[in-house]
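Spelled out from the first residue to the last, the chains are:
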Amino acid sequence: MKIEAATGDLSKQAVDAAVVNIFSGAKRPGGATGAVDRAIGGVITDLIGRGEVRGEKGEITVVHTVGKAYQGFEPARVIVAGLGKQSEFDLDAVRSVSANVARLLRTIGARTAATVVHGAGVGGIEPETAAEALAEGALLGHYLFDKYKSKKDRDDRGLETLRIVELDRSKSSAFQRGIERAETLSSAASLARDLVNEPANVMTPTKLAEAAQTAARGIAGLTCEILDRGYAEKQGMRAYLGVAQGSVEPPRIIVMRYRGDARRPKNNIWIVGKGITFDSGGLSLKPSDGMTQMKGDMAGGAAVISAITAIATLKPKMNVTALVLATENMPSGSAQRVGDVVRAMSGKYIEIANTDAEGRLTLADALTYAKQEGAQRIVDVATLTGAAVVALGHGNTAAFSNNDELVERVIAAGKQRGEPIWRLPLDSIAKKQNESKIADIKNTGGRAAGSITGAHFIGEFAGDTPWVHLDIAGTFLADSTTGWTPEGATGVMVRTLTQLALDLGARR
Ligand code: BES
Ligand code: MN
Ligand code: ZN
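No experiment lies behind these values; they were computed from the predicted model shown.

**Side note on the sheet that holds strand 4 (residues 77-82)**
Sheet strands line up and pair through hydrogen bonds in the backbone, either parallel or antiparallel. Overall, mixed pairing links the 6 strands, which are arranged 1-6-5-2-4-3 in an open sheet. Edge positions in the open sheet fall to strand 1 (2-7) and strand 3 (60-64), since each of these has one partner strand only. With direction set aside, neighbouring strand axes in the sheet form an average angle of 25°. Where strand 2 (residues 17-22) and strand 4 come together, 5 bridges link them in parallel fashion. Along strand 4, the bridge assignment pairs A18 with V78. Along the sheet face, helix 5 (residues 172-197) touches strand 1 and strand 6 (161-166) and points at about 175° away from the line of strand 1.

Shown next as structure tokens:
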């Protein structure tokens, strides 16, 4: 979909649909909605009077203006989108409304549409931010993963052009900036969704690495290095390799670098993603039901690979490295056993209490590697624990940290992008659960506080480096379509990580 900013009058756009809006409780439409209402003989006012248009959030009314029924009115339809209560209006509402409209336009086979920015100026929302949220919502909400559907039941090619129209010429460059940022962020989130939605027989570690290389190729200043098992062996990444040894798919290490502040190498952040392309559990085999979502166990890896493409495009003044230690977790004659002890890259000995707690093993070596390479801050993103779903459900990503300032910045970035994050504690009582009788640490801490013990395990390898762990087990997949999140992979944390880098890079 192409989104463009244009100066002019909505009524004069020769498009399949003109999109206007209304707050709940409004008796008469104002602004651009009022102008359209007058152009079509007061139909919207009439529908409000009849109670058909109520302005409620999520409400969409289609008014057909076919065959030029109204003199000088060009759009073939008018779509009235409810914005909900004006007092509750925010950027998330803009994104949701815009997403719902974009999907409706696809359903009715519209290819071109024109809209006004919803609620610019309401509640202090700037024109640039409003246009950005509108474009973000449309692009993210319009996303569809249908490449394996060979037959389509209707014309669902989707929107070709969405034109954001504004009478005031002076706003158009602000709109343009907002649209461009939205396009960068949304295409990065869509890339992450694609990588996660792909089945595991396609998205192997090798394929994930190739996808990262392909994504980096088009972006100036972004490099992508792929390393193999031999390299991991030389580095002593035995925790990671223990997970990889059960699979016939070769492991791949993905390192993507963006240098936005080459003169200060220490002005950096490492974003590290869990990259298990399929998690069967290994010898601690999952029940079949528990495996259905496990092609997505690389969602953290997909998030960091995708985020750095957006970061390198938007160019904050700081250095960012994305790191993924990708592998499958499979049972086989060569698989790691329960009770094995492995020596992690850091030198710590780990007792394998459960081969299904594999993510933390790969992240242990990833964090050691990041620190060896000079990481000053680390944010890891991982579908780490089913316990995160039990604790927070599907609304919030769980955060853990050894650094109040960094985690506050991550939470703020998430808030700005509509990706809620909730911090959970790293208490010393839970930490004890990871103690091993025969090694330095074991990789599970029992049923209680499962997300916290998982985070503690990773924290052992973060040491004193400022670090945030984001457990996305509850948020990487959506089981139904809501707002700007279509069913399937959500691409969660791509826009948050990008925002974080922009925020950190803007300071000074
Ligand atoms: N990838 C899973 C966690 C997961 C579960 C993510 C559901 C998304 C949805 C992880 O590797 C895992 O298996 N964790 C175990 C840890 C346990 C063995 C300590 C879990 O959560 O049961
Ligand atoms: Mn597992
Ligand atoms: Zn896993």
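**Thoughts on the environment of R409**
With respect to the secondary-structure elements, R409 resides in helix 13 (residues 404-416). On the basis of relative accessibility, which here comes to 22%, the residue R409 falls in the partly exposed class. Along the sequence, R409 and V248 sit 161 residues apart, while their C-alpha atoms lie 40 Å from each other.

**Re the site of ligand 1**
Taken together, 17 residues sit near ligand 1, with K286, D297, D356, E358 and G386 positioned nearest. One nitrogen or oxygen atom from the side chain of D279 is found 2.9 Å from an oxygen atom belonging to ligand 1. L384 is positioned such that a nitrogen or oxygen atom in its backbone is 3.4 Å from a nitrogen atom of ligand 1. Within the complex, 79% of the 510 Å² of free accessible area of ligand 1 lies under protein. When its residues are assigned to classes, the shell around ligand 1 shows 4 nonpolar, 6 polar and 7 charged.

Thresholds applied
- Residues numbered from 1 in each chain as written.
- Chains lettered and ligands numbered in written order.
- Predicted model: local features only at pLDDT ≥ 70, side-chain atom pairs only at ≥ 80, totals over all residues.
- Heavy atoms only, no water.
- Pairing = 2+ DSSP bridges.
- Helix = DSSP H or I, 4+ residues; strand = E, 2+ residues; numbered from the N terminus.
- Axes fitted to C-alpha atoms, helices over the stretch in contact; angles between N-to-C directions.
- Contact = heavy atoms within 4.5 Å.
- Buried < 20%, exposed > 50% of the residue type's maximum accessible area, 1.4 Å probe, protein only.
- Near = heavy atom within 4 Å.
- Polar contact = N/O pair within 3.5 Å; in protein donor to acceptor, adjacent residues only side chain to side chain.
- Areas by Shrake-Rupley, 256 points an atom, 1.4 Å probe, with all protein chains shown as cover.
- Nonpolar A, V, L, I, M, F, W, Y, C, P; charged D, E, K, R; others polar.

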